[in-house]
Amino acid sequence: MKIAVIGTGYVGLVSGTCFSEYGHQVTCVDKDAGKIDALKKGVIPIFEPGLDTMVARNQDSGQLSFTTDLGEAMQGAEAVFIAVGTPSRRGDGHADLQYVFAAVEELADHIKEFTVIVTKSTVPVGTGAEIRKRLAARLSSDLFSVASNPEFLREGAAIEDFMRPDRVVVGVEDDRARAVMQELYRPLNLNESPLLFTGRETAEIIKYAANAFLATKISFINEMADMCEAVGADVQSVAKGIGLDKRIGGKFLHAGPGFGGSCFPKDTRALVHSADDYGVAMRIVRSVVEVNESRKLAMADKIIKAADGSVEGKKVAILGLTFKPNTDDMRESPSLDIIPALQKAGADVHAFDPKGMDEARHMLDNVTFHEDAYGTMDGADVLVIITEWNQFRALDLAKVKSLMNSALMVDLRNIYARADLEEHGFHYVGIGRRG
């Protein structure tokens, strides 16, 4: 099949590349000429393990191409995926759909034969219906169908998620669209990946419901961590104890500094505001949003408390800036709340992240960035782990102690064992653990 993908951001680039790996003929479109030129040369604008190799392979085979010309991309395309950004709208938290609707208006000029218009972007319920309404005002209904195909990609594991998904959700309203989408995902039959067809509105809600539920698990275990600290229990054992229950499961029960990234914060807020529009209270999800926002700021207080109640004039070494490992994504990262709060309290902040520092330099002021983990620690009074990159899991603790002015580690991801740190003479502070 020939398909077009509008948008070469995270979702569009990964989706288009993986569709080409399936064997489809894919053209990715973007208005940013500089980005398209870079992609043609094999320069990938995001960090996602394995993506550069897959892009190069499919460009070389002719299965994947990039252009700024939407008309060119849509020639002969049976399906067009809209994969543009839907950020939180300033002022009210609703999903900003201006880029989605701009893409719809433009692609309407190029539909000459039956085409399935597919929303891959995360959009509120009812967006597909609005897209259909806008297209119907300009085109015969025989020329198009609108479908929803939400993405469930984890940054850092997106290729694996796309090629071997837990499920593929497709919301359609007619048999012609169903047939096109079924053929598009036919290569997954070999993996026996579940292909779930629903109505369009149902598919739109599934995406938000999935992210909201996972975010709820994170906020829940973070509140349990606070309870564990108060009573002297261990949140990791609590998480294991409840996670072994198959009805609950162990994933997303890792206590930490709060969730971030491009999806959970934006999508939970958008779901709350969308529910308000329909007169639905959505009290649980609203609480998840509030717990997470307060969680990030509470981590700065935790660090200050560990440093005998003050970081005034102290050097604080930060390891990890991105919201999770294996990505360069800084969006809504806990570090963006924790570091300014520490600076406001008088701390001199030094930081290192394996992939996120280029982005961080645009988002954090007055931070001294270093080229490696140990460079942050020279003369540091506090060492803080914010992101659990693998290379932070096996630090030379003797070397760390020799570099630091004071052997204090605040581990916001619980990647170290207290006994190991204390054996090396550290004062160790974790999340939801004794002490």
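Details of the structure are given in the entry above.
Remember, predicted model here, so these are calculated numbers, not experimental data. (Residues numbered from 1 in each chain as written. Predicted model: local features only at pLDDT ≥ 70, side-chain atom pairs only at ≥ 80, totals over all residues. Heavy atoms only, no water.)

A. Spatial organisation of the overall build of the chain. What the chain contains, in helices and strands, is 16 helices and 14 strands. The C-alpha atoms of the chain give 24 Å as radius of gyration, which agrees with the globular expectation for 435 residues (22 Å, within 12%). For the chain, the spread of C-alpha atoms along the three principal axes comes to 70 × 50 × 45 Å. Looking at the chain residue by residue over its 435 residues, the buried ones come to 53%. Counting contacts in the chain only where the partners sit at least 6 residues apart, residues at least 24 apart contribute 73% of the total. Between the mean site of the 49 positive side-chain charges and the mean site of the 62 negative ones, the chain shows a separation of 3 Å. (Helix = DSSP H or I, 4+ residues; strand = E, 2+ residues; numbered from the N terminus. Rg over C-alpha atoms; globule rule 2.2 N^0.38 Å. Buried < 20%, exposed > 50% of the residue type's maximum accessible area, 1.4 Å probe, protein only. Contact = heavy atoms within 4.5 Å. Lys, Arg positive; Asp, Glu negative; His and termini not counted. Charge placed at Lys NZ, Arg CZ, Asp CG, Glu CD.)

B. Representation of the packing of aromatic side chains within the structure. Evaluated as defined, the whole model comprises eight aromatic pairs. Relative to Phe-162, the ring of Tyr-22 lies with its centre 5.7 Å away and its plane at 45°, an arrangement referred to as tilted. Of this pair, Tyr-22 sits in helix H1 (residues 10–22) while Phe-162 sits in helix H7 (residues 158–163), and the two are 140 residues apart along the sequence. As far as burial versus exposure is concerned, Tyr-22 and Phe-162 are alike and both buried. Arranged with centres 6.1 Å apart and planes meeting at 45°, the rings of Phe-252 and Phe-264 form a pair that is tilted. Of this pair, Phe-252 sits in the loop between helix H10 (235–243) and helix H11 (264–277) while Phe-264 sits in helix H11; the two residues are 12 residues apart in sequence, bridging distant segments of the chain. Taking relative accessible area as the criterion, Phe-264 reaches 12% and is therefore assigned buried. When the ring centre of Phe-197 is taken as reference, the NZ or CZ atom of Arg-178 above it lies at 4.2 Å. One Lys or Arg, Lys-399, reaches over the ring of Tyr-374 and ends 4.2 Å from the middle of that ring. (Phe/Tyr/Trp six-rings, centres within 6.5 Å; stacked < 30°, edge-to-face > 60°. Lys NZ or Arg CZ within 6 Å of the ring centre and 35° of its normal.)

C. Fine view of helix H6 (residues 127–136). Within the sequence span of H6, burial applies to Thr-127, Gly-128, Ile-131 and Leu-135. Each buried residue of H6 lies within a common arc of 100° when the element is viewed along its axis, so the set occupies one face. Buried residues in H6 make contact with helix H5 (98–107), strand S5 (115–119), strand S6 (144–148) and helix H9 (200–231). (Arc of directions from axis to C-beta.)

D. Expanded view of the pairing of strand S10 (residues 348–352). S10 sits mainly inside the fold: four of its five residues count as buried. Both strand S9 (residues 315–319) and S10 contribute to a ladder of five bridges, which runs parallel. Opposite Ile-318, over in S10, you have Ala-351 as the bridge partner. Taken together, S9, helix H13 (residues 335–344) and S10 form a β-α-β motif whose crossover is right-handed. Judged from the two bridges that link them, S10 and strand S11 (residues 368–369) form a sheet pairing that is parallel. Bridging from a neighbouring strand, His-350 pairs with Thr-368 of S11. Note on the crossover from S10 through helix H14 (residues 357–363) to S11: the handedness is right-handed. (Pairing = 2+ DSSP bridges. Right-handed = clockwise from strand over helix to strand, strands pointing away.)

E. Quick look at the environment of Arg-433. Checked against the element boundaries, Arg-433 lands in the segment after strand S14 (427–429). Looking at Arg-433, the relative accessible area reads 12%, which means it is buried. Between the C-alpha atom of Arg-433 and that of Asp-234, which follows or precedes it by 199 residues, the distance is 4.6 Å. The contact partners of Arg-433, leaving out residues within four places of it in the chain, are Glu-229, Ala-233, Asp-234, Gln-236, Asn-414, Tyr-416, Ala-417, Arg-418 and Tyr-428. Reaching out from Arg-433, the side chain makes a polar contact with the backbone oxygen of Tyr-416 at a distance of 2.9 Å. Of note is the side chain of Arg-433, whose polar atom sits 2.7 Å from the side chain of Tyr-428. (Polar contact = N/O pair within 3.5 Å; in protein donor to acceptor, adjacent residues only side chain to side chain.)

F. Region of the structure containing the packing of H11 against helix H12 (residues 283–306). Between H11 and H12, the least distance of the axes is 9 Å, while the angle of their chain directions is 145°. Both H11 and H12 take part in a crossing whose hand is left-handed. Across the interface between the two elements, Thr-268, Arg-269, Leu-271, Val-272 and Asp-276 from H11 touch Val-285, Arg-286, Val-289 and Glu-293 from H12. (Axes fitted to C-alpha atoms, helices over the stretch in contact; angles between N-to-C directions. Left-handed = near helix turned anticlockwise from the far one by under 90°.)

G. Quick look at the sheet that holds strand S12 (residues 382–385). Strand order across the open sheet formed by six strands is S11-S10-S9-S12-S13-S14, with parallel pairing between neighbours. A single partner strand is all that each edge strand has here, and the edge strands are S11 and S14.

H. Broad picture of the environment of Arg-393. With respect to the element layout, Arg-393 can be found in the loop between S12 and helix H15 (397–403). Under the relative-accessibility criterion, Arg-393 is labelled partly exposed at 40%. Sequence-distant contacts of Arg-393, that is, excluding residues within four places in its chain, are made with Glu-388, Ile-415 and Tyr-416.

I. Quick peek at the pattern of salt bridges. Enumeration over the complete set of coordinates arrives at 20 salt bridges. With a shortest N-O distance of 2.9 Å, Asp-276 and Arg-286 are connected by a salt bridge. Here Asp-276 is found in helix H11, whereas its partner Arg-286 is found in helix H12, with 10 residues between them in sequence. Its relative accessible area of 37% is what places Asp-276 among the partly exposed residues. Judged by its relative accessible area of 31%, Arg-286 is partly exposed. A salt bridge links Arg-331 to Asp-329; its shortest N-O distance comes to 2.8 Å. Here Arg-331 falls in the partly exposed class, since its relative accessible area comes to 43%. Here the salt bridges share partners, and the residues they tie into one network are Glu-105, Asp-109 and Arg-138. (Salt bridge = Lys/Arg side-chain N within 4 Å of Asp/Glu carboxyl O.)

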